[in-house]
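Each chain, written out:
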Amino acid sequence: MSIEIIKGENDMPTEIPTRATFMLFGGTGDLALRKLYPAIFNLYKKGSLSTHFALVGLSRKALTDEEFRAKIIESISSETDDKAQAEEFASHFYWKSHDVTNTDHYKELGKIADELDQKYETDGNRIFYVSLAPRFFGIVAKNLKEQGVLSTNGGFNRLVIEKPFGRDYASAKELNDELTSAFNENQIYRIDHYLGKETTQAIPVIRFGNPIIEAIWNQNYIKDVQITLAEKLGVEDRAGYYDTAGALRDMIQNHTLQIVSYLAMDEPNSFVDTEIRREKVKALESMEIYDADGVKQNFVRGQYGAGDGTPAYRDEPGVPHDSNNNTYAAGKIVFNNPRWGKTPFYIRSGKKLATKTGRIDIEFKKPIVDIFAKGTHQPAELKSNVLTLLIDPKIGITLEINTKNSAQGMHTETVDLSYLQSDARAAEVPLPYERLFHDILKGDGTYFASWAEVAAAWKYVDPVQKLWDTTQPDFPNYESGSMGPKAADELLARDGNSWYFPNK
Ligand code: NAD
């Protein structure tokens, strides 16, 4: 049974457009063409960018401005039918052939930035977006500073870094040291596109905006928390990258632990990035780091075999036939803090699972005494209240509560209070990269990972990766189209729990 709650539509506040010159390294890359230009275009359409902006696309390719602009128009074609508007937007785009290791190229870029600053009156504001292979992140930051590309006339300089941010704590620290030799921490925006998603951004409001929820958000009332980021797709054409990363690095260290931090953190004094980051770090640093035995007991890895008429991971194009890479990872997080002491957070993410879903299921404890189970009545057993936050593909919130069944006599049943975003409203929701670009323009680091958060997440994940790198798995251990290895069910069963989804 389901009771629909109708939610009103909010008026969007208007805002003052930001002036800026963007410099986009990897300007013809897959990410730029598929995600970044449409995101910038939507901000332009909605007025967050005015006519006072320009973008310089950079990579080794030799393109004319006209050729680059044609790519931009193609890239935003699904966002508009207005040819004149698309052309006006694209006229702000310039191309510069650039090799990241060539210092002269940066000097030339600095001159172009000065000219564009004058032409578009951008107040000297500069956004450097590094959408390149990770090995280039550090060298770009260093050269931007050393070759004088940073604005020095009072405008802002912001550096945007794509994922992955390191392969372990040591490499992440090395990268961060390189970046911070050129930029301050508050100028660095580490992208985690899960933080641009509607539901992730809603977590603090759902918690701290509702005393009825925050009052019970602790180990006294919450039995366990479950986070599932499941993909139906396999490795597709990304074997080169994915086989060296795996689910633990690709999904758990960043996206999943970021979601954990919003769910687990204490209430910040105010909703500003510095305060929020402080609380997120505190939460991440209070996760118990496992030794090898702890990893064996509390983490599960998996690799998909054939199923649903599709090949096993090891038979996918580009994947070595003896690959021991994890395409699935699950774990039990335990916090050493007063809020969560006894409440486990179960996390899992994998490829080739039964369904594509991103969701958080929060299971509450049952009443200490079930008074309905006594006396002359024969009611159904009371179920745990479950609050579910749906991230993907549907956005929504559901709450299961126990009530009386309307039949004669005293019987209980569970009903679902649910708010599912309508398709019409979902179509209006800005895409993650659009939200994140908006925040970069406004200088708001709330939905970006700080270095302290990234460091804490790597320190947590490193012992797991280390054990997995040095011990032989029995792969493949789950069928394509299933919900992952049996061991992940046993992980919860040992605590007397089970995955709420899809078994509820
Ligand atoms: P890509 O390979 O499609 O593009 C990389 C770009 O770098 C190209 O424009 C290439 O010409 C340029 N380049 C390579 N070597 C260069 C050099 N020496 N000097 C100057 N330019 C050089 O990569 P992508 O898929 O667009 O990914 C870019 C970044 O975004 C990576 O860090 C990746 O991990 C991250 N990312 C991508 C996606 C995605 O969906 N594509 C998703 C998440 C994160």
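Anything mentioned here points back to the structure above.
Residues numbered from 1 in each chain as written. Predicted model: local features only at pLDDT ≥ 70, side-chain atom pairs only at ≥ 80, totals over all residues. Heavy atoms only, no water.

Colleague: Help me out: how do you make sense of the pairing of strand β12 (residues 345-350) in this one?
Modeller: Along any regular strand the residues' side chains alternate between the sheet's two faces. Most of β12 is tucked away, with six of its six residues classed as buried. Where strand β8 (residues 222-230) lies against β12, six bridges are found, and the strand directions are parallel. Within the sheet, the bridge partner assigned to Ile227 lies in β12 and is Ile347. With six bridges connecting them, strand β11 (residues 328-333) and β12 associate as antiparallel partners. Across the sheet, Tyr328 pairs through a bridge with Gly350, a residue of β12. (Buried < 20%, exposed > 50% of the residue type's maximum accessible area, 1.4 Å probe, protein only. Helix = DSSP H or I, 4+ residues; strand = E, 2+ residues; numbered from the N terminus. Pairing = 2+ DSSP bridges.)

Colleague: Whenever I open this one, the nonpolar core confuses me. Can you help?
Modeller: Nonpolar side chains in soluble globular proteins generally cluster together in the buried interior. One finds Phe25, Leu144, Leu159, Leu263 and Ile360 to be the most contacted residues of the largest nonpolar core, which totals 140 residues. Those residues in contact with Ile360 that sit more than four places away from it in its chain are Ile203, Val225, Gln226, Ile227, Ile259, Leu263, Leu387, Thr388, Leu389 and Ile391. (Core = buried A, V, L, I, M, F, W, Y, C linked by side-chain atoms within 4.5 Å. Contact = heavy atoms within 4.5 Å.)

Colleague: Sorry if this is basic, but what is going on with the side chain of His255 here?
Modeller: For His255, the position within the fold is in helix α9 (residues 239-264). Reaching out from His255, the side chain makes a polar contact with the side chain of Lys163 at a distance of 3.2 Å. Setting aside chain neighbours within four positions, we find His255 in contact with Lys163, Asp192, His193, Tyr194, Leu229 and Asp250. (Polar contact = N/O pair within 3.5 Å; in protein donor to acceptor, adjacent residues only side chain to side chain.)

Colleague: Honestly, helix α6 (residues 169-180) in this entry has me stumped. Any pointers?
Modeller: For an α-helix the count is 3.6 residues per turn, leaving residues at separations of three or four pointing the same way. A rise of 1.5 Å per residue sets the reference length of α6, with its 12 residues, at 16 Å; its end C-alpha atoms lie 16 Å apart and thus fit the reference within 8%. Residues Ala172, Leu175, Asn176 and Leu179 constitute the buried set of α6. Within α6, the buried residues cover an arc of 100° as seen down the axis, which keeps them to one side. Turned more than 90 degrees away from the buried face of α6, the exposed residues are Ala170 and Glu174. Those residues of α6 that are buried lie in contact with α5 (137-146), β6 (157-161), β7 (188-190) and α14 (451-470). (Expected span 1.5 Å × (residues − 1). Arc of directions from axis to C-beta.)

Colleague: Any chance you could explain a positive patch on the surface here in plain terms?
Modeller: On the surface, Arg60, Lys61, Lys71 and Arg135 cluster together into a positively charged patch. Its place among the elements puts Arg135 in the loop between β5 (126-130) and α5. (Patch = residues over 30% accessible without salt bridge, like charges linked within 9 Å, V, L, I, M, F, W, Y side chains within 5 Å. Areas by Shrake-Rupley, 256 points an atom, 1.4 Å probe, with all protein chains shown as cover. Salt bridge = Lys/Arg side-chain N within 4 Å of Asp/Glu carboxyl O. Lys, Arg positive; Asp, Glu negative; His and termini not counted. Charge placed at Lys NZ, Arg CZ, Asp CG, Glu CD.)

Colleague: How should I be thinking about the site of the ligand in this particular structure?
Modeller: For the ligand, the set of nearby residues contains 18 residues, the closest of which are Asp30, Leu31, Arg34, Leu132 and Lys163. In this structure, an oxygen atom belonging to the ligand sits 3.4 Å away from a main-chain N or O atom of Gly29. One of the backbone N or O atoms of Val100 is found 3.2 Å from a nitrogen atom in the ligand. Surface burial for the ligand is 74%, taken as the share of its 840 Å² of free accessible area covered by protein chains. The greatest single-element share of the shell around the ligand, amounting to three residues, is contributed by helix α1 (residues 30-46). (Near = heavy atom within 4 Å.)

Colleague: Would you explain the pattern of salt bridges in this entry?
Modeller: The tally for this structure, following the rule as stated, stands at 28 salt bridges. For the salt bridge of Arg126 with Asp114, the shortest nitrogen-to-oxygen distance reads 2.8 Å. Of the two residues, Arg126 sits in strand β5 while Asp114 sits in helix α4 (residues 103-120), which places them 12 residues apart along the sequence. Accessibility expressed as a relative area gives 3% for Arg126, which makes it buried. Of the residues examined, Asp114 reaches a relative accessible area of 42% and is grouped as partly exposed. Of the charged contacts, one joins Lys352 and Glu316 as a salt bridge, the two residues approaching to 3.9 Å between their closest N and O atoms. Here Glu316 lies in the loop between β10 (304-305) and β11 and Lys352 lies in the loop between β12 and β13 (357-364), a separation of 36 residues in the sequence. Taken individually, Lys352 and Glu316 each receive the classification buried, so the pair is uniform in this respect. Within this structure, Arg207, Glu214, Asp266, Glu279, Lys282 and Arg339 form a network of salt bridges that share partners.

Colleague: Sorry, what's going on with α4 here?
Modeller: Here α4 contains 18 residues, and its C-alpha end-to-end distance of 26 Å stays within 8% of the 26 Å for a straight helix at 1.5 Å per residue. N-capping of α4 is provided by Asn102, with a side-chain oxygen placed 2.9 Å from the backbone N of Asp104. One or two positions beyond α4, positive phi appears at Glu121, with a value near 45°.

Colleague: Any chance you could explain the sheet that holds β6 here in plain terms?
Modeller: Neighbouring strands of a sheet are bound in pairs by backbone hydrogen bonds; such pairs are parallel or else antiparallel. The six strands are arranged β4-β3-β2-β5-β6-β7 in an open sheet whose pairing can be described as parallel. If you trace the sheet from one side to the other, it starts and ends with β4 (93-97) and β7, each paired once. Taken pair by pair, the neighbouring strands of this sheet meet at an average axis angle of 20°, ignoring direction. Alignment of strand β2 (residues 18-25) against strand β3 (residues 49-59), held across seven bridges, turns out to be parallel. Bridged to Met23 within β3 is Val56. Strands β3 and β4 of the sheet are contacted by helix α2 (residues 65-75), whose axis makes an angle of about 120° with β4. (Axes fitted to C-alpha atoms, helices over the stretch in contact; angles between N-to-C directions.)

Colleague: Which parts of the structure should I look at to understand the packing of α9 against helix α10 (residues 273-285)?
Modeller: Axes are the key here: two packed helices are described by the angle between their axes and the distance separating the axes. Put simply, α9 and α10 touch, their axes get as near as 8 Å, and they point 105° apart. With respect to each other, α9 and α10 are oriented roughly perpendicular. In contact with Leu257, Gln258, Ser261, Tyr262 and Ala264 of α9, α10 contributes Ile276, Lys280, Ala283 and Leu284. Grouping the constituent residues of the contact of α9 with α10 by class yields six nonpolar, two polar and one charged. (Parallel < 35°, antiparallel > 145°, perpendicular 65-115°, else oblique. Nonpolar A, V, L, I, M, F, W, Y, C, P; charged D, E, K, R; others polar.)

None of this, on its own, says anything about what the molecule does.
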